[in-house]
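What the coordinates show
If you want the building blocks of each chain, they are given just below.
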There are 2 protein chains.
Amino acid sequence: MTSTSRDVARAAGVSVATVSRAFSEAGAVSDSTRRKVLTEARRLGYSPNPAARRLITGRSGNIGIIVPDLANPFFADIIKGVQRRAREGRQAILVADTDEQARLEGDALRSLARQVDGIILASPRSAIEDLPGDLNIPIVLIHRQAPGWWSVTADFAEGVRQALVNLRALGHDHVAYAGGPHLSWSGGMRTESLRTCAAELGVHLYELGSVAPTIDGGLAAADLALATPATALIAYNDVVALGAMRRFGARGVDVPGGMSVVGCDNTMLSQLAVPSLTTVDVPRFEAGEAAVALLDRYLADADAEPIEQVLATALVIRGTTAPPRQT
Amino acid sequence: MTSTSRDVARAAGVSVATVSRAFSEAGAVSDSTRRKVLTEARRLGYSPNPAARRLITGRSGNIGIIVPDLANPFFADIIKGVQRRAREGRQAILVADTDEQARLEGDALRSLARQVDGIILASPRSAIEDLPGDLNIPIVLIHRQAPGWWSVTADFAEGVRQALVNLRALGHDHVAYAGGPHLSWSGGMRTESLRTCAAELGVHLYELGSVAPTIDGGLAAADLALATPATALIAYNDVVALGAMRRFGARGVDVPGGMSVVGCDNTMLSQLAVPSLTTVDVPRFEAGEAAVALLDRYLADADAEPIEQVLATALVIRGTTAPPRQT
DNA sequence: CAACTCCACGGAAACGTTTACGTACCGCTT
DNA sequence: AAGCGGTACGTAAACGTTTCCGTGGAGTTG
């Protein structure tokens, strides 16, 4: 059905080795025969069989990416970044979605491990030591640091610090925080940073505990926030913030008049909200691109020292923050 | 480094053929030797090399999916459906995002073609005859029908018909429609259905032409709608609808008081909007799952007659539709 | 007891590449 | 003219499976 290097070799009057060399850029072939081979190949519709190539070289040219939830625009953007960078390197990407279930991350890793050259693991929900350790494949983490692991993260501490400083400047000194999944490393960073900043600034911080990173989680967070004296709410991410805004509206609390709201991530959702959402910008495309770049370096030198790259974050002021209403 | 079937064979005191048979469910092996092989395999950390397996069987066990934009929750959900179904069949999925560029669809098809057993092509932006025809691989279309092609689509005609009937019942007889990308098959369905229904119902239909399927497209659509006597707007999809709502708000037009809005797709965005968006529900997970099911049938029998599966749609009434304000 | 069937398993070819090694040839130096 | 280095290319082994075919032994039948 589909033609092989032998067919091309025969047609071009050369050996299969020469065909192979003509296709792998580096090979020592004269320009004239390379041209001859390539035109015959085109004529026959030949392209190298990736399975055979991979069997001998051990490289598939594919990379895998594992995310908690594809439907979360945050992760969709990360994948777009990965994709864009991978396309330049002629790599295909395999994606696995774990539906926010930590248990599935190990399965996904295992099933991808033999298929790809390296794996990007975004925002793992498992503890790092629960991940299978025997699969012997380069892994780059996104939004999680761990000793001995390659990673690209964002400076969440700085982002939420800016948020709290800004709220303080507006006059808020009772601020609530709705956290995310327990084992989210980035969530831990946010909590920790908020605690120290709150102490420094003399702000009362009401930790509402962790809610689901969904609209429903946001609805719940709003009720929790209204049970405290807080006049502002910082949410784990934009989705939670929007859920909370919905619930505030339903309960007759004006945003930002009665309650200021700050999200995190700066996804497209934050511009869609009415009023548009003040949020902490977290680079997503860039994180995806950086992860591929790191993976490439890792693959080039497996014994290199792990790199931990950190991207900048910044507060984006929009319409959901204002001075607290005077009472 | 990683062990091979020969290692397992030696350890278990059998031949490599028997190891292979023990792993491929069907093979004729006694229970006792199979058990022995499997325990030795586990002990050595062996799993079959997919490249070698694929080289001889010609099957990779992978499927590809191509979408115009991963960041659009509509397509993210389709992929989640694909993923869920594929996980059951132990298939990995390769994803390609074409950034809404028709030109990249051919490239994506070509680069995936040799890597996977079959491809799901969602909402192609290219004309069907512009797709490479020589790649000799099963393809299932989503949201596009074409003679001789396998496809799963939704009954968009019925969905928008319900929307128009509902608006008419509320008292709207001047309705605007903002269309999507020119070569979108589903967009064509919507336009056509609206035209015939409008004629039947005696509704004046104002076709605003095609706008980008983005927030910005929605902003533009709103201005166009306000330049007509229309009291209701039907948008190409939820994103456009939300963009339009934003713009209506900015121009002081109350929704639904001054203008009713109907979206399409029923993505999570429609529940996020304030007020929540009346929209046409289009199954997405189900479309993804159905596409994998069709692909499996296609792969099982390449000569079978193409199947064109159509999923149901239905209007979901929420808060953006109401009777027009009396003048 | 012979002839036959069936089952479990081993031997070996095949899948389509890449690459180490070998060889012929060309041009240059001494 | 002999020797030598370099370049372009061919030969063949190797990658790790699956599967066809063959074989020996156990069980069944006449």
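Residues numbered from 1 in each chain as written. Chains lettered and ligands numbered in written order. Predicted model: local features only at pLDDT ≥ 70, side-chain atom pairs only at ≥ 80, totals over all residues. Heavy atoms only, no water.

**Some remarks on the protein's contact with DNA strand D**
Rule in force here: By convention in these notes, a residue is near a molecule or strand provided one of its non-hydrogen atoms lies within 4 Å of it. Think of a polar contact as two N or O atoms within 3.5 Å of one another; within protein, one of them needs to be a possible hydrogen donor and the other a possible acceptor, and neighboring residues in sequence only count if both atoms come from side chains. Three residue categories are used. Nonpolar comprises Ala, Val, Leu, Ile, Met, Phe, Trp, Tyr, Cys and Pro, charged comprises Asp, Glu, Lys and Arg, and polar comprises the others, including Gly.
Neighbouring DNA strand D are 25 residues; A:Thr18, A:Thr33, B:Ser5, B:Ser20 and B:Arg53 lie closest to it. When the atoms of DNA strand D within 4 Å of the protein are grouped by moiety, sugar and phosphate amount to 61% of the total. The separation between a phosphate oxygen of DNA strand D and a polar side-chain atom of A:Thr33 is 3.1 Å. In this structure, B:Asn49 approaches DNA strand D through a main-chain N or O atom, which is 3.4 Å from a phosphate oxygen. For the surface near DNA strand D, the class distribution of residues is eleven nonpolar, eleven polar and three charged.

**A closer look at the relation of the copies chain A and chain B**
Our working rule: Our superposition of the copies is a least-squares fit, built on the C-alpha atoms of residues whose pLDDT is at least 70 in both.
Relative to chain B, chain A is turned by 180° and slid 0.1 Å along the rotation axis, the superposed coordinates differing by an RMSD of 0.1 Å. Here the two chains are linked by the operation of a two-fold rotation axis. No C-alpha of chain A lies nearer the rotation axis than that of A:Leu94, which sits 2.2 Å from it.

**What to know about the protein's contact with DNA strand C**
Keep this limit in mind: Working definition: helices are DSSP H or I runs of at least four residues, strands are E runs of at least two. Numbering for both runs from the N terminus.
The immediate surroundings of DNA strand C are formed by 25 residues, with A:Ser5, A:Ser20, B:Thr18, B:Ser30 and B:Thr33 found nearest. Counting only the atoms of DNA strand C within 4 Å of the protein, the fraction contributed by sugar and phosphate is 63%. Within the contact set of DNA strand C, a phosphate oxygen lies 2.4 Å away from a side-chain nitrogen or oxygen of A:Ser20. Between a phosphate oxygen of DNA strand C and a main-chain N or O atom of B:Ser30, the distance comes to 2.8 Å. Counting residues per element, the ones that place at least two in the surface near DNA strand C are helix H2 (16–23) and helix H4 (50–57) of chain A together with helix H2 (16–23) and helix H4 (50–57) of chain B. Sort the elements by how many residues they give to the surface near DNA strand C and H4(A) lands first, with four residues. For the surface near DNA strand C, the class distribution of residues is eleven nonpolar, eleven polar and three charged.

**Let's talk about the interface of chain A and chain B**
Applicable threshold: Two residues qualify as a contact provided that any one of their heavy atoms is within 4.5 Å of a heavy atom in the partner residue. Values labelled buried area give the accessible surface lost by two parts on being combined, using a 1.4 Å probe and summing over both. Salt bridge, as used here, is a side-chain nitrogen of Lys or Arg placed within 4 Å of a carboxyl oxygen of Asp or Glu.
Listed as interface residues are 42 residues of chain A and, on the opposing side, 41 residues of chain B. Together chain A and chain B conceal approximately 3,700 Å² of surface at their shared face, both sides included; 57% is due to carbon and sulfur atoms. At the surface where chain A touches chain B, the tally comes to eight salt bridges. Close ionic contact of A:Asp99 with B:Arg87 constitutes a salt bridge, the shortest N to O distance being 3.4 Å. Along the contact surface separating chain A from chain B lie 22 residue pairs in polar contact (both at pLDDT 80 or more).

**Description of the domain arrangement of chain A**
The condition is simple: Note: domain ranges come from an automatic or database domain assignment.
Assigned domains of chain A: these are domain 1 (5–48), domain 2 (62–152 + 284–310) and domain 3 (156–283). The gap between the C-alpha centroids of domain 1 of chain A and domain 3 of chain A is 61 Å.

**Thoughts on the packing of H4(A) against H4(B)**
We count it as follows: Helix axes are fitted only over the stretch in contact, all axes being lines through C-alpha atoms; the angle between N-to-C directions runs from 0 to 180 degrees. Note: crossing handedness is left-handed where the near helix turns anticlockwise from the far helix by less than a right angle, and right-handed where it turns clockwise.
One way to put it is that H4(A) packs onto H4(B) with a least axis distance of 8 Å and a crossing angle of 145°. Considering the relative orientation of H4(A) and H4(B), their crossing is left-handed. When H4(A) is examined against H4(B), the residues A:Pro50, A:Ala51, A:Ala52, A:Arg54 and A:Leu55 are found in contact with a partner set consisting of B:Pro50, B:Ala51, B:Ala52, B:Arg54 and B:Leu55. Of the residues that constitute the contact of H4(A) with H4(B), the class distribution is eight nonpolar, no polar and two charged.

**Here we look at the packing of aromatic side chains**
The cut-off we apply is this: Only the six-membered ring of Trp is used, alongside the rings of Phe and Tyr, when aromatic pairs are assigned; centres must lie within 6.5 Å, and planes under 30 degrees apart are stacked while those over 60 apart are edge-to-face, with the rest tilted. Three exposure classes are used, based on accessible area relative to the maximum for each residue type with a 1.4 Å probe and protein chains only: buried under 20%, partly exposed in between, and exposed over 50%. Whether a charge sits over a ring depends on NZ of Lys or CZ of Arg being within 6 Å of the ring centre and within 35 degrees of the ring normal.
Considering all chains together, one arrives at six aromatic pairs over all chains under this definition. Consider the rings of B:Phe23 and B:Tyr46, whose centres lie 5.3 Å apart with planes at 80°: the pair is edge-to-face. Of the two residues, B:Phe23 is situated in helix H2 and B:Tyr46 in the loop between helix H3 (31–44) and H4; the sequence distance between them amounts to 23 residues. Note on B:Phe23: relative accessible area 22%, which makes it partly exposed. With a centroid separation of 5.3 Å and an interplanar angle of 80°, the aromatic rings of B:Phe74 and B:Phe75 are classed as edge-to-face. The residues B:Phe74 and B:Phe75 share a single accessibility class, namely buried. When the ring centre of A:Tyr236 is taken as origin, the NZ or CZ atom of A:Arg190, which lies over that ring, is 4.5 Å away.

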